[in-house]
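# Survey of secondary and tertiary structure
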Amino acid sequence: MAGRVHPRQLAFSLPHAESLSRDNFLEGPANAAGLALVDSWPEWPNRIMWLTGPEGSGKSHLAAIWAEVSGARSTTANALSAAAVPGALTTGALVVEDIKAGKFDERALFHLMNLAREDGAYVLFTGREAPAAVEVELRDLRSRFRTIPVISLAPPDDQLFRGLIVKFCADRQLTVDEAVVSYLATRLERSSAAARRAVERLDSEALRLGRPVTRALAAELLRDT
């Protein structure tokens, strides 16, 4: 009798919604200034503010929290055109995310800042770089960028980093024990983005192999990277 062939288990990449609510935000020294900015609205030092920090540092989460309390609309910098600026500001508040040099319409942002000032609207910019570090060809916009107050987010400390690992596991409905969290926390790059990627890979491998998420699986996974 021929040996039975066992079908290989397939891992399907399904979307996992990450909660961006205020209750689901993990606070620590690295992001305390950003959270204080959101919580202090509308008593901001300037109606236009800039939130900067490395990938996965919480910029989008904080922007989403602020948008919820302020009624702000949200857009990405590369999607904003000059013609769309008046409509984007109709609620009196706007989030413009992910500002990168060469990846946005400079005249649209200059128009936005002028109109926001005229209308007394609030704008929250986010980007990995501070405004003074973003290369801009339009001199007037470069000058305006330099006047924007900046709130910086830092990489997470140990307690926050461990909390992020647990959160990303919970977002994907993964049950992990302290051994897994400790192993990842001491071996991953100290960034939210690295923690998210590691948890995503663990989830995918556990599903593909039909195994629980354990320290042994985490060790195998990191050994192959």
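Residues numbered from 1 in each chain as written. Predicted model: local features only at pLDDT ≥ 70, side-chain atom pairs only at ≥ 80, totals over all residues. Heavy atoms only, no water.

Moving on, we get to the sheet that holds strand β5 (residues 150-152). The strands making up a sheet associate through hydrogen bonds between their backbones, and the pairing can be parallel or antiparallel. The strand order across the open sheet formed by five strands is β2-β3-β4-β1-β5, and the pairing between neighbours is parallel. At either end of the open sheet lies a strand with only one pairing partner, and these are β2 (73-76) and β5. Neighbouring strand axes in the sheet, compared pairwise and without regard to direction, differ in orientation by 20 degrees on average. Across three bridges, strand β1 (residues 48-52) lies against β5 in parallel orientation. Within β5, the residue paired with Leu51 across the bridge is Ile151. Lying on the sheet, helix α2 (residues 59-70) is in contact with β1, β2, β3 (93-97) and β4 (122-127); it crosses β3 at an angle near 165 degrees. Across the sheet, helix α4 (residues 106-119) is in contact with β1, β3 and β4; its angle to β4 comes to roughly 150 degrees. (Pairing = 2+ DSSP bridges. Helix = DSSP H or I, 4+ residues; strand = E, 2+ residues; numbered from the N terminus. Axes fitted to C-alpha atoms, helices over the stretch in contact; angles between N-to-C directions. Contact = heavy atoms within 4.5 Å.)

Glancing now at the environment of Glu200. Of note, Glu200 is situated in helix α8 (residues 192-209). Sequence-wise, Glu200 and Phe168 are 32 residues apart; in three dimensions their C-alpha atoms are separated by 8.3 Å.

Compared with the 20 Å implied by 1.5 Å per residue over 14 residues, the 20 Å span of helix α6 (residues 158-171) between its first and last C-alpha is a close match. The set of residues buried in α6 consists of Leu160, Phe161, Leu164, Ile165, Lys167, Phe168, Cys169 and Asp171. Close packing links the buried residues of α6 with α2, α7 (178-187) and α8. Following α6 by one or two positions, Gln173 has its phi on the positive side, about 60 degrees. (Expected span 1.5 Å × (residues − 1). Buried < 20%, exposed > 50% of the residue type's maximum accessible area, 1.4 Å probe, protein only.)

Here the largest pocket is characterised by a volume of approximately 500 Å³. If you trace the largest pocket, you find 31 residues lining it, with Gly56, Ser57, Gly58, Lys59 and Ser60 closest to the centre. For the lining of the largest pocket, the elements supplying multiple residues, two or more each, are α2, α6 and α8. With four residues, α6 is the single largest residue contributor to the lining of the largest pocket. (1 Å grid on protein atoms, 1.4 Å probe; cavity = no way out; pocket = protein on both sides within 12 Å on 5 of 7 lines; lining within 4 Å. Points joined across faces, edges and corners; volume = space filled by probe spheres on them.)

A separate point is the pattern of salt bridges. Inspection of the entire model under this criterion finds ten salt bridges. The closest approach of N and O atoms between Glu55 and Arg197, which form a salt bridge, is 3.7 Å. Taken together, the residues span a long stretch of sequence, with Glu55 in the loop between β1 and α2 and Arg197 in helix α8 at a distance of 142 residues. Accessibility expressed as a relative area gives 41% for Arg197, which makes it partly exposed. Across the pair Glu205 and Arg208 runs a salt bridge, and its minimum N-O distance is 2.9 Å. Here Glu205 and its partner Arg208 are both found in helix α8, three residues apart, which amounts to about one turn of the helix. The class of Glu205 is partly exposed, set by a relative accessible area of 21%. Taking relative accessible area as the criterion, Arg208 reaches 28% and is therefore assigned partly exposed. (Salt bridge = Lys/Arg side-chain N within 4 Å of Asp/Glu carboxyl O.)

These figures capture arrangement, not role.
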